[in-house]
Amino acid sequence: MIEVKDLRKTFGAVHAVKGVSFTARDGEITGLLGPNGAGKTTTLRMLYTLMTPDAGQVLVDGVDAAADPQTVRRALGVLPDARGLYKRLTAAENIEYFGRLHGMDAALIDRRREALIDALDMRDIATRRTEGFSQGQRVKTAIARALVHDPRNVLLDEPTNGLDVMATRAMRRFMRQLKDEGRCVLFSSHIMQEVAALCDRIVVIAHGRVVADESPDALLAQTGKANLEDAFVELIGTDEGLAA
Ligand SMILES: Nc1ncnc2c1ncn2[C@@H]1O[C@H](COP(=O)(O)OP(=O)(O)OP(=O)(O)O)[C@@H](O)[C@H]1O
């Protein structure tokens, strides 16, 4: 479970995150939806301890990220916005390398690597060097690498960005599988259909603030709109920066 309490972050004159609070629960998919520049990536970066908040608190499975960042990092699997892979290594070697960084023993790394290669349907690319990989192949490898240590909480920054229809559908299936395994799944998106199709809970963020935090049905009821697209536009005040 991830609890975010009154997070704030300023870059010079830009107030990127202005007091964001929400909870992402185990066994649920929580979507962070907002237009370009809303503060989603900045919020996620503070959650996975890459960036220090100016104020506020992040708790992962009850552990304070500022007080014990090591434990928090172990409890998180992260697909960051930059998917940098080691291009001289094969996909399988990229996964194994992260396993070693986490201090896992070789037999456990082998088991997790094989399970993830199957779950992400990447057997055909596993022994290829990642140099020259397509966007979809890079995302799969980056996700497998992020999950090698079997984290309870999974953070995905725009996981379907740049993927084609088939790869997007496969990614959504995989996210549902993570949820069914009881994990806490939190992802950011500016694609309304994606959030509507996947999420148990939608946290709508605009101009650095949470403007709604509800189930999809409750969002419709709250805004009195017939569909989620109209509900989001009503909440955000504009459709600029959102993709249908
Ligand atoms: N390192 C930085 N230095 C300066 N400004 C930044 C930095 N990171 C983010 N910002 C600014 O903070 C605001 C929020 O950016 P952020 O990347 O969090 O938005 P986002 O919701 O993830 O947008 P997108 O959907 O476009 O990825 C923007 O105005 C952005 O320009």
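All of these numbers come straight from a predicted model, not from anything done at the bench.

Concerning the sheet that holds strand β8 (residues 184–189)
Thinking step 1. With mixed pairing, the six strands of this open sheet are ordered in space as β6-β7-β8-β3-β9-β10. Of all strands in the sheet, those with a lone pairing partner are β6 (76–79) and β10 (209–214), marking the two edges. Each adjacent strand pair in this sheet contributes to an overall mean axis angle of 15°, direction not counted.
Thinking step 2. Where strand β9 (residues 201–206) meets β10, five bridges bridge the pair, whose relative direction is antiparallel. For I205, the partnering residue across the bridge sits in β10 and is V210.
Thinking step 3. Across the sheet, helix α9 (residues 228–236) is in contact with β3 (28–33), β9 and β10; its angle to β9 comes to roughly 40°.

What to know about the site of the ligand
Thinking step 1. The local shell around the ligand consists of F11, V14, A16, G34, N36, G37, A38, G39, K40, T41, T42 and H190.
Thinking step 2. Within the residue set of the shell around the ligand, elements represented by two or more residues are β2 (14–24) and α1 (40–47).
Thinking step 3. If you tally residues by element for the shell around the ligand, the top one is α1, at three residues.
Thinking step 4. Counted by class, the shell around the ligand contains four nonpolar, seven polar and one charged residues.

Describing the packing of helix α3 (residues 91–101) against helix α5 (residues 135–146)
Thinking step 1. It is at 8 Å that the axes of α3 and α5 come closest, and there the two elements cross at 25°. When the interaxial angle is binned, α3 and α5 end up roughly parallel. The handedness of the crossing between α3 and α5 is right-handed. Together, A91, N94, I95 and F98 of α3 and T141, A144 and R145 of α5 make up the contact between the two elements.
Thinking step 2. Counted by class, the contact of α3 with α5 contains four nonpolar, two polar and one charged residues.

Some points on the sheet that holds β2
Thinking step 1. Strand order in the open sheet formed by four strands is β2-β1-β4-β5, with antiparallel pairing between adjacent strands. Every interior strand has two partners, whereas the edge strands, β2 and β5 (63–64), have only one.
Thinking step 2. Inspection of the sheet shows strand β1 (residues 2–11) paired to strand β4 (residues 55–60) by five bridges, in the antiparallel sense. Residue pairing in the sheet places R8 in a bridge with A55 of β4.
Thinking step 3. Docked against the sheet, α1 engages β1, β2 and β4, running at close to 120° with respect to β1.

Quick look at the pairing of β3
Thinking step 1. The buried count for β3 comes to five of six residues, which makes it a mostly enclosed element.
Thinking step 2. In this sheet, β8 lies alongside β3 in parallel orientation, the contact comprising six bridges. Bridge assignment links G31 to a residue of β8, and that residue is F187.
Thinking step 3. As defined by bridge partners, β3 adjoins β9 across four bridges and the pair is classed as parallel. In the strand pairing of β9, L32 is matched with V203.

Some points on the domain arrangement of the chain
Many descriptions give the size of an interface as the accessible area lost when the pieces come together.
Thinking step 1. Here the domain parsing of the chain yields domain 1 (1–75 + 152–244) and domain 2 (84–150).
Thinking step 2. One C-alpha centre belongs to domain 1, the other to domain 2, and the line joining them spans 25 Å.
Thinking step 3. A per-element tally of the side of domain 1 that touches domain 2 places helix α6 (residues 165–180) first, with four residues.
Thinking step 4. Residue classes in the side of domain 1 that touches domain 2 are distributed as six nonpolar, two polar and two charged.

Notes on unusual backbone geometry
Thinking step 1. Its identity as a non-glycine residue notwithstanding, D150 has a phi of 60°, on the positive side.
Thinking step 2. Following the sequence through the fold, D150 ends up in the loop between α5 and β7 (153–157).
Thinking step 3. By C-beta crowding, D150 is classed as partly exposed, having 15 other C-beta atoms within 10 Å.
Thinking step 4. Here the phi dihedral of H207 falls at roughly 50°; this positive angle occurs in a residue that is not glycine.
Thinking step 5. Structurally, H207 can be placed in the loop between β9 and β10.
Thinking step 6. Judged by C-beta crowding, with 16 C-beta atoms within 10 Å, H207 ranks as partly exposed.

What counts and how
- Residues numbered from 1 in each chain as written.
- Predicted model: local features only at pLDDT ≥ 70, side-chain atom pairs only at ≥ 80, totals over all residues.
- Pairing = 2+ DSSP bridges.
- Helix = DSSP H or I, 4+ residues; strand = E, 2+ residues; numbered from the N terminus.
- Axes fitted to C-alpha atoms, helices over the stretch in contact; angles between N-to-C directions.
- Contact = placed C-beta atoms within 7 Å.
- Near = placed C-beta within 6 Å.
- Nonpolar A, V, L, I, M, F, W, Y, C, P; charged D, E, K, R; others polar.
- Parallel < 35°, antiparallel > 145°, perpendicular 65-115°, else oblique.
- Left-handed = near helix turned anticlockwise from the far one by under 90°.
- Buried ≥ 20, exposed ≤ 12 C-beta atoms within 10 Å, placed from the backbone.
- Domains from an automatic or database assignment.

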